[in-house]
Every structure is written in C-alpha cells, then in structure tokens.
Amino acid sequence: MAYPNINIQTIDLAMVRENSPNPTSDVKFTFLDQNTGLKSELPAHKLILAFGSEVFMKQFFGSIPEERDTIPVEDSSVKVFEVFLDILYNKKITLEVFDFQFLADLYFLAEMYLHDFLKTLIVNEVSTRIIDSGNLLEVAKVAENNAHLGEFSTSLFSICYVFMSKSDLESISDIFDKEDVGEENSFTLHRLMAGSKRSRPNPSDVCKNCQHEPCLDGKEMTKSNFVTGASISRPSQLGPEIVRKSVQIYDDRVEYEYAIANLSLSGRTVSTTCLVKFSELIFKCT
C-alpha cells in the first residue's frame, strides 16, 4: 500500500521555546532593567537562531564559536528582543500593534543581525501609516533620534512630510505653538518645515486609485490607508483576476464590490459584495 508523502512531524517552534524551554534550550539571553533593577532572561536554541541569522550562525558555529550558555544583552529591552526571537522562531507577528519607537528598536536588531527581510517589513509598515497633529512631533523625534537607522528614519520623516504637505499653514503653526520651544524641539521643527517644502507633492503625483503618494500599488490595505472606490486585488482567491472596488469598513474587515457573469441573465454581469479581512487585500493601482 502506497502512503502519501506527508510530514507527520509538525513542530511549532515558537511554542517549544515558550512552553518547554528546558532542557531543550542551550542558550539564554539575560537582561537588566537599568530603571528598576529587574533581571529577566529568554531561553533559546542556538541551531534555530543560526538558521534565522548569519550573525548567530557565525557566533555559535563559526571558526571561534561562542562558548557561553548565558549571554547578557545590553543594547535591547527584553520585550523587543523577545519579539525578534519570536520572528526567528516563525511566530506570526503583527507589526501594526507596535509604536514607532518599538519598531525603531526592532529595526536596530534586524540590522545588527543582518535580517534584511525584517527591515523591509518594518519600513513597509511605517511607510503606510498615516499620522496626525497629535503625534507629528513624536514621530519626527523618533526619526531624528534614530537617524543612524538610515531607511527607517527616512521613512518616518517621509510620512511626517506627507502630513504637513496636506495640512494648511495655520494648522501647522498651531502644532508648533503648543510645543515647548527647546533646542531639541526647535531643531526638529525646523527640519520638518524644510523637508515638507521640498517634498510637497505635485497633485499629479498622487495616485488616483489609492490616493497616496507614493503609490501603494501591491501594498496591503489597512484601516489607516483605506479609501473608498479603490481598485484592489485578493491574491489568495483562486481563478481569473476580477476587478474589485473597496466599499466600506466593518470593524477589522473590508467590504468590496465585484462584477460576475450571470448566465441566467443571458451573459449580463451583475455586481455583488464580499466581506474579508484587511490582510487579504492589496491595492491594484496599475
């Protein structure tokens, strides 16, 4: 009797690390909170880390391998490092839930451990966020304080410039008037003003479909970038590509409209709607 080629040994790596770290783990990272003095640690497995990062591969299995089983971490908080480990263990992580500073710290780890794919995901996430007057200066400060992170910092400044370019001068002045004038704020505010003037988009540069500049073609639709009437695609849907148009939001779902052929009506097309999660849709601007 022939049996199908099935992998019956399915291992949830993230669950192994979280629920049964000992005795299978062979390394642990330790942390000391400088404010509270609280000590904490995260167990892990060298081999899994090595497969996830070439830096870990050289550290644990290179010509001069790391002999310590306990490694102190001084350039990351335990919370950020835990998320980084979760990613290496293939745990599903939603970047949308993290604030800008957390993503900056996560990007720093991705750069340190040469995880280019994670860096790209983080940049894509912040690039599609829409800020407002309440957090403009906060985002700009994160960008300024993390200027060494290159593309990440540039992406934050870009969304600040987009907000300012779409706001009238009076609204921007009100934001500045509410802030304490100090050396740090003054420098950041002047940079924002200069940058917004240089990056003020030409109306013809704004995509007519996603209503965004730069265009979000191929990017995932989210609550923050949703627009009504945009052409969208559902990659997970099998069959021929059909034209879909976004209609409205229902909590964490999107209603879209599409046309189908109705054979009972002699080949005429009729419109119907469907409700799906944001993560299933991307903008189709070209």
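Residues numbered from 1 in each chain as written. Predicted model: local features only at pLDDT ≥ 70, side-chain atom pairs only at ≥ 80, totals over all residues. Heavy atoms only, no water.

J.: Requested: an account of the pattern of salt bridges, with residues and values cited.
T.: Counted by the stated rule, this structure contains 7 salt bridges. For aspartate 69, the salt bridge identified is with lysine 46, shortest N-O distance 3.7 Å. Remark: lysine 46 occurs in helix α2 (residues 46–52) and aspartate 69 occurs in the loop between α3 (54–61) and β3 (70–72); sequence separation between them is 23 residues. On the basis of relative accessible area, aspartate 69 is assigned to the partly exposed category, the value being 47%. Judged by its relative accessible area of 12%, lysine 46 falls in the buried class. The closest approach of N and O atoms between arginine 234 and glutamate 280, which form a salt bridge, is 2.9 Å. With arginine 234 in the loop between β4 (231–233) and β5 (244–250) and glutamate 280 in the loop between β7 (269–277) and β8 (282–283), this residue pair connects regions lying 46 residues apart in the sequence. Taken together, the shared-partner salt bridges in this structure form one network comprising Glu111, Asp116 and Lys119. (Salt bridge = Lys/Arg side-chain N within 4 Å of Asp/Glu carboxyl O. Helix = DSSP H or I, 4+ residues; strand = E, 2+ residues; numbered from the N terminus. Buried < 20%, exposed > 50% of the residue type's maximum accessible area, 1.4 Å probe, protein only.)

J.: Describe in detail the sheet that holds strand β1 (residues 27–32), supporting the description with residues and values.
T.: An order of β2-β1-β3 is seen for the 3 strands of this open sheet, with the pairing classed as mixed. Among the strands making up the open sheet, the edge pair consists of β2 (39–44) and β3. The average undirected angle you get between the axes of adjacent strands in this sheet is 25 degrees. As paired elements, β1 and β2 share 6 bridges and run antiparallel to each other. Note on β2: the bridge partner recorded for threonine 30 is glutamate 41. (Pairing = 2+ DSSP bridges. Axes fitted to C-alpha atoms, helices over the stretch in contact; angles between N-to-C directions.)

J.: Tell me what's going on with the side chain of asparagine 225, and back it up with residues and numbers.
T.: Structurally, the position occupied by asparagine 225 is in the loop between α10 (183–199) and β4. By relative accessible area, which is 3% here, asparagine 225 ends up buried. Within the structure, the side chain of asparagine 225 is placed 3.3 Å from the backbone oxygen of glutamate 220, a separation counted as a polar contact. Once you skip the residues sitting within four places of it in the chain, asparagine 225 turns out to touch Thr128, Ile130, Leu216, Glu220 and Phe283. (Polar contact = N/O pair within 3.5 Å; in protein donor to acceptor, adjacent residues only side chain to side chain. Contact = heavy atoms within 4.5 Å.)

J.: So what's going on with the state of the cysteines? Which residues, and what values?
T.: Under the counting rule described, the total for this entry stands at 0 disulfides. Sulfur of cysteine 285: no disulfide; nearest cysteine sulfur belongs to cysteine 215 and is 3.6 Å away. (Disulfide = S-S within 2.5 Å.)

J.: Pulling in residues and values, what's your account of the confidence of the model for the chain?
T.: Detailed reading of predicted coordinates is not advised where the pLDDT is low. Looking at the chain, pLDDT values average 82 and 78% of them are 70 or higher. Looking at the elements of the chain, mean pLDDT is at its lowest for α10, recorded as 63, and at its highest for helix α5 (residues 100–112), recorded as 97. (pLDDT = per-residue confidence, 0-100.)

J.: Explain unusual backbone geometry residue by residue, including any values.
T.: Of note, leucine 114 is a non-glycine position whose phi angle comes to about 55 degrees, a positive value. Structurally, the position occupied by leucine 114 is in the loop between α5 and α6 (116–127). Classification of leucine 114 as partly exposed rests on a relative accessible area of 46%. Of note, the phi angle at glutamine 211 is positive, near 60 degrees, even though the residue is not glycine. Inspection of the secondary structure puts glutamine 211 in the loop between α10 and β4.

J.: Could you give me a rundown of the packing of α6 against helix α8 (residues 151–165), with the residues and numbers involved?
T.: In the contact formed by α6 and α8, the axes pass within 9 Å of each other and the chain directions differ by 10 degrees. Comparing the axis directions of α6 and α8 gives the class roughly parallel. The residues of α8 that touch α6, namely those facing Ile122, Val123, Val126 and Ser127, are Glu151, Phe152, Ser155, Leu156 and Ile159. (Parallel < 35°, antiparallel > 145°, perpendicular 65-115°, else oblique.)

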